[in-house]
Amino acid sequence: MHEIDDIKEKFDFEPFSETEEYRKVNGDIIDSWIETMLQAGMNSLDRVLDIATGAGTMVQLFFDHLPANWKRSLVVCLDQSSEALKLAQSKLDKNIEKLKFIHSSVEHMSIPDESMDIVVWGNGIHYLSEDDQLDSLKRIKKALKPGGWFFFNTAFYEEARPESTIPFYRTQVKKAVLLLRNKGVSRLRGETRAEASKFLPRSYYEELVELAGLKLVEAKEYTADLSKEAWEHISAFQQYAAGALRGYPINEASLAMKSAVETAINQHGVIDKNGKLYVVRKWLAVSAKA
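These lines cover the structure that appears in this document, whether it is placed above or below. (Residues numbered from 1 in each chain as written. Predicted model: local features only at pLDDT ≥ 70, side-chain atom pairs only at ≥ 80, totals over all residues. Heavy atoms only, no water.)

A word on helix α2 (residues 57-65)
Inference 1: Most of α2 sits out of view: seven of its nine residues are buried.
Inference 2: Taken residue by residue, α2 has Thr57, Met58, Val59, Gln60, Leu61, Phe62 and Phe63 as its buried positions.
Inference 3: At its buried positions, α2 is contacted by α1 (20-39), β1 (47-51), β2 (74-79), α3 (82-92), β4 (116-122) and β5 (144-154). (Buried < 20%, exposed > 50% of the residue type's maximum accessible area, 1.4 Å probe, protein only. Helix = DSSP H or I, 4+ residues; strand = E, 2+ residues; numbered from the N terminus. Contact = heavy atoms within 4.5 Å.)

Take a look at the structure:
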């Protein structure tokens, strides 16, 4: 049994991470990361650090896609939410033999120097300030063995929203604001901007890796066709709503953004071969070495 701190925090269990679209795009990204390691001659793992583990989806996908003879590694799962770690434990205990859970943010993590073969940070770097991102990557570099690998991805960067999809976002925000006004919900003044709403460019993340003392191996973009249901999950994220509707009460903003998806995708969605509407979103995946 793995002991996890009992402290409770508010945690979004990310139903989006269980959708077919999320698992496909992140599975494709992980396949690319594994192929990069194979091409570099890597054929085994000893210790893996998974940052911002959440519900455990990324680390589960990673181990599902690894060659079978790589799967007996120790996996260290790190998250600032004890609730997230408990959920991850319930999922990962069944399939990963050696697990350790650390209740900490990446900014304050304490991992022994040169102890990890791989560090994976899925769909989370955009939540930090630029200073905290750089500090975190420096900590990651220290935790990696010489020649160790660091992989991260994000769908919250400048190029994530192709120009053709901007009308979808504008309509969604306009409809959400109308819903809030009709409910008598007012915007508050003086609210700070959420880090996840800044949408830093791909070039920034490429330079960030180098600034932290890591060697950039690859930065590659992937495209995901997101359905109405997937967009409703994304739009319900508090961080997403805080960026799109800055100044409005967060719970009300999340509900409004979710409710506004149907109007926006009906007006601006593309029909797939099965007759379902979708709007594309891009993911940036970065590979680096210590």
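Structure shown, so let's carry the discussion forward.
Quick word on the packing of helix α7 (residues 228-236) against helix α9 (residues 250-268)
Inference 1: Taken N-terminus to C-terminus, the directions of α7 and α9 make an angle of 155°; their axes are 8 Å apart at the nearest point. In terms of their interaxial angle, α7 and α9 are classed as roughly antiparallel. Note that α7 runs across α9; the crossing there is right-handed. In this structure, α7 contributes Lys228, Trp231, Glu232, Ser235 and Ala236 to the contact, and α9 contributes Ser254, Met257, Lys258, Val261, Glu262 and Ile265. (Axes fitted to C-alpha atoms, helices over the stretch in contact; angles between N-to-C directions. Parallel < 35°, antiparallel > 145°, perpendicular 65-115°, else oblique. Left-handed = near helix turned anticlockwise from the far one by under 90°.)

Structural notes on the packing of aromatic side chains
Inference 1: Going through the model one piece at a time under the given rule, you end up with 14 aromatic pairs.
Inference 2: Both rings, one in Phe152 and one in Tyr205, keep their centres 6.0 Å apart while their planes meet at 55°; by these two values the pair is tilted. Taken together, the residues Phe152 in strand β5 and Tyr205 in helix α6 (residues 202-211) connect sequence positions 53 residues apart.
Inference 3: On the accessibility criterion, Phe152 (0% relative accessible area) is buried.
Inference 4: Taking the relative accessible area as the measure of exposure, Tyr205 reaches 1% and is therefore buried.
Inference 5: Residues Phe168 and Tyr169 carry aromatic rings whose centres are separated by 5.3 Å and whose planes lie at 75° to one another, so their mutual orientation is edge-to-face. Each of the two residues, Phe168 as well as Tyr169, counts as buried.
Inference 6: Site record: aromatic cluster; members linked through ring pairs are Phe16, Tyr22, Phe237 and Trp283.
Inference 7: The cationic tip of Arg161 hangs over the ring face of Tyr169; the distance from NZ or CZ to the ring centre is 5.4 Å. (Phe/Tyr/Trp six-rings, centres within 6.5 Å; stacked < 30°, edge-to-face > 60°. Lys NZ or Arg CZ within 6 Å of the ring centre and 35° of its normal.)

A few points about α1
Each α-helix turn comprises 3.6 residues. Residues three or four places apart therefore point the same way.
Inference 1: Spanning 20 residues, α1 covers 28 Å between terminal C-alpha atoms, matching the ideal 28 Å at 1.5 Å per step.
Inference 2: Where α1 is concerned, the buried positions are Glu21, Tyr22, Val25, Asn26, Gly27, Ile29, Ile30, Ser32, Trp33, Ile34, Thr36 and Met37.
Inference 3: In this structure, the buried side of α1 is in contact with α2, β4, β5, β6 (215-227), α7 and β8 (277-289).
Inference 4: Of the residues flanking the end of α1, it is Gly41, one or two places downstream, whose phi is positive at about 95°. (Expected span 1.5 Å × (residues − 1).)

As for the pairing of β2
Inference 1: A large share of β2 lies buried, amounting to six of its six residues.
Inference 2: What you see with β2 is no split at all: Leu74, Val76 and Leu78 on one side and Val75, Cys77 and Asp79 on the other are buried throughout.
Inference 3: Pairing of β1 with β2 involves five bridges; the strand directions are parallel. Residue pairing across strands places Asp50 opposite Cys77, the latter belonging to β2.
Inference 4: Handedness of the β1-α2-β2 crossover: right-handed.
Inference 5: One ladder, built from six bridges, connects β2 with strand β3 (residues 98-103); its direction is parallel. Its bridge partner being in β3, Val75 is matched across the sheet by Leu99.
Inference 6: Since β2 and β3 lie parallel, the crossover through α3 that links them has a hand, and here it is right-handed. (Pairing = 2+ DSSP bridges. Right-handed = clockwise from strand over helix to strand, strands pointing away.)

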